[in-house]
Amino acid sequence: MKARVGDRIVIEVEGPNGHRREGIITAVGRADGLPPYRVQWLENGHTTLIYPGPRARIEPAH
């Protein structure tokens with residue numbers, strides 16, 4: 001998975017308590033676009049550092 005600043009990350013959590021998280025990537029940990037990513041989450045504005053798992057996908061910025 002590779003990303004750039006401004007891309008959107010989407011994480012789909014399945015199951016009875018499943019939900020969808022979306023955030024904007026504000027920093028990329030490596031020059032080649034690989035994680036970790038600093039993400040500002042759209043639902044609450046919090047910023048976290050993540051290593052995305054298999055349920056995550058990147059949507060390029062427009």
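Predicted model only: the values in this text are computed from it and were never measured.

1. Focus on the overall build of the protein chain
If you tally the helices and strands in the protein chain, you get 0 helices and 5 strands. Written out in order from the N terminus, the α and β elements of the protein chain read β-β-β-β-β. Rg of the C-alpha trace for the protein chain: 11 Å, near the compact-globule value of 11 Å for 62 residues, within the 12% margin. Dimensions along the principal axes, computed over C-alpha positions, put the protein chain at roughly 40 × 25 × 25 Å. Buried residues in the protein chain amount to 24% of all 62 residues. Counting only contacts in the protein chain whose residues sit at least 6 apart along the sequence, the fraction spanning at least 24 positions is 40%. Of the roughly 4,200 Å² of accessible surface on the protein chain, a fraction of 52% belongs to carbon and sulfur atoms. Of the side chains in the protein chain, 9 bear a positive and 7 a negative charge, and the two mean positions are spaced by 4 Å.

2. Quick look at the environment of tyrosine 51
Its location among the elements puts tyrosine 51 in the loop between strand 4 (47-50) and strand 5 (56-59). Accessibility expressed as a relative area gives 61% for tyrosine 51, which makes it exposed. Once the C-alpha coordinates of tyrosine 51 and histidine 62 are considered, the two residues, 11 residues apart in sequence, prove to be 23 Å apart. Those residues in contact with tyrosine 51 that lie beyond four places of it in its chain are Pro35 and Pro36.

3. Quick notes on the confidence of the model for the protein chain
With 100% of its residues at a pLDDT of 70 or more, the protein chain has an overall mean of 93. Averaged pLDDT values over the elements of the protein chain bottom out at 93 in strand 1 (residues 8-13) and peak at 98 in strand 3 (residues 37-41).

4. Here we look at the pattern of salt bridges
For the structure shown, the criterion picks out 8 salt bridges. One salt bridge in this structure joins arginine 30 and aspartate 32, with 2.8 Å as the shortest N-O distance. Given a relative accessible area of 43%, arginine 30 falls into the partly exposed group. Among the charged side chains, a network of salt bridges with common partners joins Arg8, Glu12, Arg20, Glu22, Arg57 and Glu59.

Calculation rules
- Residues numbered from 1 in each chain as written.
- Predicted model: local features only at pLDDT ≥ 70, side-chain atom pairs only at ≥ 80, totals over all residues.
- Heavy atoms only, no water.
- Helix = DSSP H or I, 4+ residues; strand = E, 2+ residues; numbered from the N terminus.
- Rg over C-alpha atoms; globule rule 2.2 N^0.38 Å.
- Buried < 20%, exposed > 50% of the residue type's maximum accessible area, 1.4 Å probe, protein only.
- Contact = heavy atoms within 4.5 Å.
- Areas by Shrake-Rupley, 256 points an atom, 1.4 Å probe, with all protein chains shown as cover.
- Lys, Arg positive; Asp, Glu negative; His and termini not counted.
- Charge placed at Lys NZ, Arg CZ, Asp CG, Glu CD.
- pLDDT = per-residue confidence, 0-100.
- Salt bridge = Lys/Arg side-chain N within 4 Å of Asp/Glu carboxyl O.

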